[in-house]
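# Observations on the model geometry
If you want the building blocks of each chain, they are given just below.
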Amino acid sequence: MFLVICYAVHEKKLAGVYQFHSQDEAFACMEMDVKITYDEEIANSGNSMDDIDFDIDETKGIVTDHAADCCWTWEVVEI
(Lines give C-alpha, C1' and ligand atoms only; values in the text may rest on other atoms or scores of the structure.)
Protein backbone atom coordinates (compact mmCIF):
# COMPACT_ATOMS: atom_id res chain seq x y z
CA MET A 1 0.00 0.00 0.00
CA PHE A 2 1.15 3.54 -0.80
CA LEU A 3 0.26 6.92 0.65
CA VAL A 4 0.56 10.33 -0.96
CA ILE A 5 1.01 12.88 1.82
CA CYS A 6 0.60 16.58 1.10
CA TYR A 7 1.81 19.06 3.70
CA ALA A 8 1.13 22.82 3.64
CA VAL A 9 4.44 24.03 5.07
CA HIS A 10 3.30 27.65 5.43
CA GLU A 11 0.24 26.55 7.45
CA LYS A 12 2.13 23.82 9.32
CA LYS A 13 -0.59 21.24 8.67
CA LEU A 14 -1.50 18.29 6.51
CA ALA A 15 -3.30 19.31 3.35
CA GLY A 16 -4.20 15.76 2.30
CA VAL A 17 -3.46 12.07 2.58
CA TYR A 18 -4.41 9.68 -0.23
CA GLN A 19 -4.18 5.88 -0.18
CA PHE A 20 -3.41 3.67 -3.19
CA HIS A 21 -2.76 0.00 -3.87
CA SER A 22 -0.07 0.58 -6.46
CA GLN A 23 2.98 2.79 -6.69
CA ASP A 24 2.01 3.91 -10.19
CA GLU A 25 -1.38 5.17 -8.96
CA ALA A 26 0.28 7.02 -6.08
CA PHE A 27 2.82 8.71 -8.38
CA ALA A 28 0.09 9.68 -10.86
CA CYS A 29 -1.97 11.23 -8.05
CA MET A 30 1.01 13.13 -6.69
CA GLU A 31 1.94 14.47 -10.11
CA MET A 32 -1.63 15.56 -10.84
CA ASP A 33 -2.05 17.21 -7.42
CA VAL A 34 1.25 19.10 -7.75
CA LYS A 35 0.29 20.41 -11.19
CA ILE A 36 -3.23 21.39 -10.06
CA THR A 37 -1.86 23.22 -7.01
CA TYR A 38 0.69 25.02 -9.20
CA ASP A 39 -2.00 26.07 -11.71
CA GLU A 40 -4.35 27.20 -8.92
CA GLU A 41 -1.62 29.23 -7.25
CA ILE A 42 -0.83 30.99 -10.54
CA ALA A 43 -4.52 31.68 -11.17
CA ASN A 44 -5.46 32.79 -7.65
CA SER A 45 -2.41 34.35 -6.02
CA GLY A 46 -1.97 37.35 -8.29
CA ASN A 47 1.76 36.64 -8.29
CA SER A 48 3.90 36.28 -11.40
CA MET A 49 4.72 32.86 -12.82
CA ASP A 50 8.34 33.82 -12.14
CA ASP A 51 7.55 33.80 -8.40
CA ILE A 52 5.92 30.35 -8.41
CA ASP A 53 7.67 27.09 -9.21
CA PHE A 54 7.24 23.37 -8.84
CA ASP A 55 9.36 20.27 -8.97
CA ILE A 56 8.51 16.58 -9.11
CA ASP A 57 10.84 13.62 -8.80
CA GLU A 58 10.24 9.90 -8.25
CA THR A 59 8.89 10.18 -4.70
CA LYS A 60 8.48 13.89 -3.89
CA GLY A 61 6.89 17.04 -5.20
CA ILE A 62 6.93 20.69 -4.18
CA VAL A 63 5.13 23.90 -5.12
CA THR A 64 6.55 27.19 -3.85
CA ASP A 65 5.08 30.67 -4.18
CA HIS A 66 8.10 32.73 -3.18
CA ALA A 67 6.28 36.09 -3.18
CA ALA A 68 3.51 34.80 -0.89
CA ASP A 69 5.88 32.72 1.26
CA CYS A 70 3.74 29.62 0.64
CA CYS A 71 4.97 26.08 0.14
CA TRP A 72 3.33 22.67 -0.31
CA THR A 73 5.19 19.37 -0.32
CA TRP A 74 4.15 15.87 -1.39
CA GLU A 75 5.72 12.55 -0.66
CA VAL A 76 4.86 9.01 -1.73
CA VAL A 77 5.53 6.49 1.04
CA GLU A 78 5.07 2.73 1.08
CA ILE A 79 3.41 1.26 4.14
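Residues numbered from 1 in each chain as written. Predicted model: local features only at pLDDT ≥ 70, side-chain atom pairs only at ≥ 80, totals over all residues. Heavy atoms only, no water.

## A look at the sheet that holds strand β4 (residues 60–65)
Pairing is antiparallel in the open sheet, where 5 strands are placed in the order β2-β1-β5-β4-β3. Whereas interior strands pair on both sides, the edge strands pair on one side only; in this sheet they are β2 (13–20) and β3 (52–56). On average, each strand axis in the sheet is tilted by 10 degrees relative to the strand beside it, whichever way the strands run. Bridge analysis of β4 against strand β5 (residues 70–78) gives 6 bridges, and the strand direction is antiparallel. (Pairing = 2+ DSSP bridges. Helix = DSSP H or I, 4+ residues; strand = E, 2+ residues; numbered from the N terminus. Axes fitted to C-alpha atoms, helices over the stretch in contact; angles between N-to-C directions.)

## Thoughts on the packing of aromatic side chains
What the rule picks out here adds up to 1 aromatic pair. Seen in terms of ring centroids, Tyr38 and Phe54 are 4.6 Å apart; in terms of plane orientation they differ by 55 degrees. Their pairing is tilted. Taken as a pair, Tyr38 in helix α1 (residues 23–45) and Phe54 in strand β3 lie far apart in primary sequence, 16 residues in all. Residue Tyr38 is classed as buried on the basis of its relative accessible area of 13%. Overall, Phe54 belongs to the partly exposed group, its relative accessible area being 35%. (Phe/Tyr/Trp six-rings, centres within 6.5 Å; stacked < 30°, edge-to-face > 60°. Buried < 20%, exposed > 50% of the residue type's maximum accessible area, 1.4 Å probe, protein only.)

## What about the pairing of β2?
Moving residue by residue along a regular strand, the side chains alternate between the two faces of the sheet. Bridge count between strand β1 (residues 2–8) and β2: 7 bridges; the pairing is antiparallel. Bridging across to β2, Tyr7 finds its partner in Leu14. Joining the antiparallel neighbours β1 and β2 is a turn of 4 residues, in which Lys12 adopts a positive phi near 55 degrees.

## Concerning the side chain of Asp33
Locating Asp33 in the fold gives a position in helix α1. One buried charge, Asp33, has no salt-bridge partner; the nearest side chain with opposite charge is Lys35, at 12 Å. One polar contact links Asp33 to Trp74, side chain to side chain, over a distance of 2.9 Å. If we skip the residues at most four places from it in the chain, Asp33 touches Tyr18 and Trp74. (Lys, Arg positive; Asp, Glu negative; His and termini not counted. Salt bridge = Lys/Arg side-chain N within 4 Å of Asp/Glu carboxyl O. Polar contact = N/O pair within 3.5 Å; in protein donor to acceptor, adjacent residues only side chain to side chain. Contact = heavy atoms within 4.5 Å.)

## Here we look at α1
Here α1 is 23 residues long and its end C-alpha atoms lie 32 Å apart, about the 33 Å a rise of 1.5 Å per residue gives. Within two residues after α1, Gly46 carries a phi angle of roughly 80 degrees, on the positive side. (Expected span 1.5 Å × (residues − 1).)

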